[in-house]
Amino acid sequence: MTQALIKTPEQLALMRESGRLLAEVFTFLDSFVVAGLSTLELDSAVEHFIRHQLKARPASKGQYNYPFCINTSINEVVCHGMPDAKAVLKDGDIVNIDITLEKHGYIADSSKMYLIGEVGPKARRLVDTTFEAMWAAIKVVRPGARLGDIGHAIQAHAEAKGYSVVREYCGHGIGRQMHEEPQILHFGRPGTGLELREGMVFTIEPMLNQGSARVRGLKDGWTVVTRDNGLSAQWEHTVAVTRDGFEVLTLQPQ
């Protein structure tokens, strides 16, 4: 393992601040996301809040030439949905909003599902199960655990509820760069893979589909959708390995 994977206490303190600020963005969105808003309006509001209220930087804008601050993935969109003035949230939609934020040189990454108006029970169950799968994985994080334990926790919970796990995309180490080592797969065998050590920081961000796990990319080069047009859901947190377990750096205050 390279030492770069391990954050010092000073680095972790800076990452904790980035995570705290990112949690504030989602608290702002909790009372802002409603039917009738376009995803482009969401992007503009988030950029203004991050830059002017939090005095931070929306880390996704310009990363890999991506032109927006957030990803907005509605219904059958698995990930990387691009904000669009024509994409207006409507009653019954589920939408994942994925945001990165940089402060003092360190990046936090998180995403959250929003249920718009009256959402059907099947969609709600998918969203809830994805949230549970993420937390099942977070709770196995501790020094001495292995990456396969994280993936297995997600896969076991998802498949027990009848859902499939998207395999093309994964979590990742994070710090000064948005994407660092290691990769955090959302499937796997327990007891396999890299051993976790105190000071590692990474994202856990499972994507679960109602039907097949197969996905396809759209012509915009970013948006990924389910191949069978079934619904997809995702949740994400940035997590640090601590001496005796884990710390979720992007957790909203209760």
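Residues numbered from 1 in each chain as written. Predicted model: local features only at pLDDT ≥ 70, side-chain atom pairs only at ≥ 80, totals over all residues. Heavy atoms only, no water.

1. Quick notes on unusual backbone geometry
- Note that the residue after E181, namely P182, is joined by a cis bond; omega there is 0°.
- Inspection of the secondary structure puts P182 in strand 8 (residues 180-184).
- Its identity is not glycine, yet H80 carries a phi of approximately 65°, on the positive side.
- Judged by relative accessible area, which is 26%, H80 ranks as partly exposed.
- We note that N229 has phi near 65°; this positive angle belongs to a residue other than glycine.
- Relative to the helices and strands, N229 resides in the loop between strand 12 (224-226) and strand 13 (232-234).
- Its relative accessible area of 53% is what places N229 among the exposed residues. (Helix = DSSP H or I, 4+ residues; strand = E, 2+ residues; numbered from the N terminus. Buried < 20%, exposed > 50% of the residue type's maximum accessible area, 1.4 Å probe, protein only.)

2. Digging into the sheet that holds strand 3 (residues 77-79)
- The strand order across the open sheet formed by three strands is 3-12-11, and the pairing between neighbours is antiparallel. Because the sheet does not close on itself, it has two edges, and the strands there are strand 3 and strand 11 (215-217). Strand-to-strand, the axes of this sheet are offset by a mean angle of 40°, without reference to chain direction.
- Two strands pair when backbone bridges link them, and strand 3 and strand 12 are joined in this way by two bridges, in the antiparallel orientation. (Pairing = 2+ DSSP bridges. Axes fitted to C-alpha atoms, helices over the stretch in contact; angles between N-to-C directions.)

3. Description of the UniProt feature "binding site: a divalent metal cation 1" (unreviewed entry) in the protein
- Listed under "binding site: a divalent metal cation 1" (unreviewed entry) in the UniProt record, and renumbered for this structure, are D98, D109 and E236. The greatest C-alpha distance among the annotated residues, which extend across 139 residues, is 8.0 Å, indicating that they converge on a single site.
- With respect to the helices, strands and loops of the structure, D98 is situated in strand 4 (residues 94-103).
- Leaving out residues up to four positions away in the same chain, D98 has contacts with C69, I70, N71, D109, S110, S111, Q234 and E236.
- Looking at where D109 falls in the secondary structure, it is placed in strand 5 (residues 106-115).
- Side chain to side chain, D109 and H172 meet in a polar contact 3.2 Å long. (UniProt positions renumbered as here; feature names shortened; annotations may be inferred. Contact = heavy atoms within 4.5 Å. Polar contact = N/O pair within 3.5 Å; in protein donor to acceptor, adjacent residues only side chain to side chain.)

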